Amino acid sequence: MTVNVLACQFSLKDDLVFIHMPVTQTNLTADLLKAQLQQAGYGRCLLLQDQIKNLLLEYQQIQQKIKQQLQAEGHVLKYKVAERIHAQLKVEISSDAMLATAEITAAYGGNPVSANEAVKAGQEAGIVFGFQKEQILQLVAQASRAEPGSKISAEIAAGKLPTPGRDSVFELLIRDMSNRSKQPIARSEGKVDLRDFGAIASVKTGEALMRRHPPTKGKEGMTVTGTRLSALDGQQLPWGTAEGSAVSADNPDLLVASRDGMPRLLDNCVAVDEVFVINKVDAGSGHIIFKGAVVINGDVAEAMKVIAGGNVFVKGIFEGELIESGGDITIGGAIIGHQVSEVGADTVLSTQVRAKGNVHCTLAQYASIKCEGRLTVAKQLLHCQVEADSVLAGTEEKANGKIVGGRYYLGNGLRCGNLGAPSGSLLQITLNKQMDPLIEKQNVLRASLVGLKAEMELVKQHVDQLKQMDKSPAVQEQMAAMVEEFEEHRSIASAFIADIKQLEEQRRQLLLSVCIEVTQQLFAGVESSFGNEVLRTKKEYGASRIRLSEQGVVVESL
């Protein structure tokens, strides 16, 4: 193949580009030569620099002779000046055979790699599953436009991981007053009749409470090379046990009420508490102590106690000394307490609220409230001492309640509308409830590590003493035993150190995940503690978030 370009000609043989250049008095430069190659259609070929250098040198030498009339014009120089290289394709499969990658080296004026060629190369490499059509097309298109010699890579096949089966799912069939579900619960309304103690859901003997849906089969996966990956099937989870309910005699996947009462959701089961209903609690009724649920249609007077194994519902105001529940506590009115005395730095309050679940009320003041779940106050929380997983003042949709004064020991944060007061009265929030158990574990491990290191030092001293003695078989045996004991101690110490570091990272991640959200106004005098980091606000803010950052406790605008 020969191409005429101005005074020179190019030819292609075995992917090598040759120039046939007559020597004239016209100067020849590298740039002019490249332009000639470009016009001839060889601009993307790989230039052979050494050959071009030699061509230019010989051309200049002959040109000089022509100028000196020692040689006539027209002597033709023939050099190979470029090489055409086709695109190169390399396919690699990951060590776990879950991913295949193709790398294309863009052509130097040669043929690009087609999508079909990429697939065929993948098949030759052993790929039989998971070709990514769109990514292959994108790769070859990008490589065809890339600079010659540049490398473009992309994933061209991906394996499929096995999908484990889903464990049993428990579907709640009745309306339950508890929010403490720890299992994924599919709620289905309107499947049973309900009778009402005011606004309290209740069930009758024999009514369906919960359905257990069977586990599902796992879906196997596959590597790109066609190896099947087995998947675990879901597990059949057993029913939990609770008083007042039983598995249906006709259906092992159906839980029914074995007595009339109030439902209370537990892990994989529903308890049905016997219900004690009373209009009010005062000196005339005496304290209420009942193993099931308690419904009080009126108020609870000062100095009175209500202790229940199940949920407690007070439709009116609670001014009593103690209300304690094995489930949730819901108070339609307010929790009204007052300050009794000061004992050192602690304030003694007249009213205590204790719940295994959540606590909900409209307003609370001067009360000591402790629950394992969330404390929700619809309107105001005034000068209370609270220990809870979290606090919400307002509603989920609109956290517009007010929190003024008090002390809070929380695990998962706080949300409200207004936090603090214009007077700047101190309000302390400590978000360490989840972290403190981790710190306790760390302290135990550190104490054990100190003791272990002391034992290791004693063993080391004993070994050093044995080294000074005669190397009798008995001494050698004893030394070997000491060395083995030292290595065992060191292995345990390494495990302790790893556990301490893991707990510290877990603690750090927890601290970074919790926060305080104020949707309206944050006042001065609010003290927030995240671990050992403390921030006390000194001015007023608008809608804000208080959180722990890598730089310490910060206040951010919402």
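Details of the structure are given in the entry above.
Predicted, not measured: the structure shown is a model, and the values here were computed from it.

Chemist: An account of the overall build of the protein chain is needed here, citing residue identities and associated values.
Modeler: Within the protein chain, the regular secondary structure consists of six helices and 44 strands. Whereas a compact globule of 558 residues would reach a radius of gyration of roughly 24 Å, the protein chain reaches 41 Å, over 25% beyond that. Reported as C-alpha extents along the three principal axes, the dimensions of the protein chain are approximately 135 × 85 × 65 Å. The buried share of the protein chain, reckoned over its 558 residues, is 40%. Here the analysis covers contacts within the protein chain between residues at least 6 apart in sequence; of these, 50% occur between residues at least 24 apart. Total accessible area on the protein chain stands at roughly 29,200 Å², and carbon and sulfur atoms take up 50% of it. Taking the average place of the 59 positive charges on the side chains of the protein chain and the average place of its 65 negative ones, the gap between the two points comes to 5 Å.

Chemist: Explain the pattern of salt bridges to me, and be specific about the residues and the numbers.
Modeler: With the rule as written, the count across this model stands at 20 salt bridges. A salt bridge links arginine 212 to aspartate 253, with the shortest nitrogen-to-oxygen separation between them at 2.8 Å. Separated by 41 residues along the polypeptide, arginine 212 in strand 13 (residues 208-213) and aspartate 253 in the loop between strand 16 (245-247) and strand 17 (254-257) bring together distant segments of the chain. Residue classification places arginine 212 among the buried positions, given a relative accessible area of 9%.

Chemist: Any chance you could break down the pairing of strand 32 (residues 367-371) for me, citing the residues and the numbers?
Modeler: Here strand 32 lies mainly inside the structure; four of its five residues are buried. Sheet topology places strand 30 (residues 351-355) next to strand 32; five bridges connect them, and they run parallel. Among the inter-strand pairings, glutamine 352 is bridged to a residue of strand 32, identified as serine 368. Here strand 32 pairs with strand 34 (residues 385-388) via three bridges, running parallel. The residue of strand 34 that forms the bridge with serine 368 is glutamine 385.

Chemist: Kindly report on the nonpolar core, identifying the contributing residues and their values.
Modeler: In terms of nonpolar packing, the biggest core is built from 50 residues, with Leu381, Val386, Ile403, Leu419 and Ile429 touching the most fellow members. Residues in contact with leucine 381, not counting those within four places in the same chain, are Ala364, Leu375, Val386, Val391, Lys402, Ile403, Val404 and Tyr408. Counting 23 residues, the second-largest nonpolar core is a separate cluster that includes Cys8, Ala40, Tyr42 and Ile66.

Chemist: For the sheet that holds strand 34, give the residues involved together with the corresponding values.
Modeler: Spatially, 21-23-25-30-32-34-37-39-41-42 is the arrangement adopted by the ten strands of the open sheet, whose pairing is mixed. Of all the strands in the sheet, the pair left with one neighbour each is strand 21 (288-290) and strand 42 (533-536). Going across the sheet, the axis of each strand differs from the next one's by a mean of 5°, ignoring polarity.

Chemist: Mind laying out helix 2 (residues 49-67), listing which residues take part and the relevant values?
Modeler: Between the first and last C-alpha of helix 2 there are 27 Å, a value that for 19 residues agrees with the 27 Å anticipated at 1.5 Å per step. Looking only at helix 2, the buried set comprises Ile52, Leu55, Leu56, Tyr59, Ile62, Gln63 and Ile66. Along the long axis of helix 2, the arc covered by the buried residues comes to 140°, so they all point the same way. Away from the buried face of helix 2 by more than 90 degrees, exposed residues Asp50 and Lys53 are located. On its buried face, helix 2 is in contact with strand 3 (16-22), helix 1 (30-39), strand 4 (46-47) and strand 5 (76-83).

Definitions and limits used
- Residues numbered from 1 in each chain as written.
- Predicted model: local features only at pLDDT ≥ 70, side-chain atom pairs only at ≥ 80, totals over all residues.
- Heavy atoms only, no water.
- Helix = DSSP H or I, 4+ residues; strand = E, 2+ residues; numbered from the N terminus.
- Rg over C-alpha atoms; globule rule 2.2 N^0.38 Å.
- Buried < 20%, exposed > 50% of the residue type's maximum accessible area, 1.4 Å probe, protein only.
- Contact = heavy atoms within 4.5 Å.
- Areas by Shrake-Rupley, 256 points an atom, 1.4 Å probe, with all protein chains shown as cover.
- Lys, Arg positive; Asp, Glu negative; His and termini not counted.
- Charge placed at Lys NZ, Arg CZ, Asp CG, Glu CD.
- Salt bridge = Lys/Arg side-chain N within 4 Å of Asp/Glu carboxyl O.
- Pairing = 2+ DSSP bridges.
- Core = buried A, V, L, I, M, F, W, Y, C linked by side-chain atoms within 4.5 Å.
- Axes fitted to C-alpha atoms, helices over the stretch in contact; angles between N-to-C directions.
- Expected span 1.5 Å × (residues − 1).
- Arc of directions from axis to C-beta.

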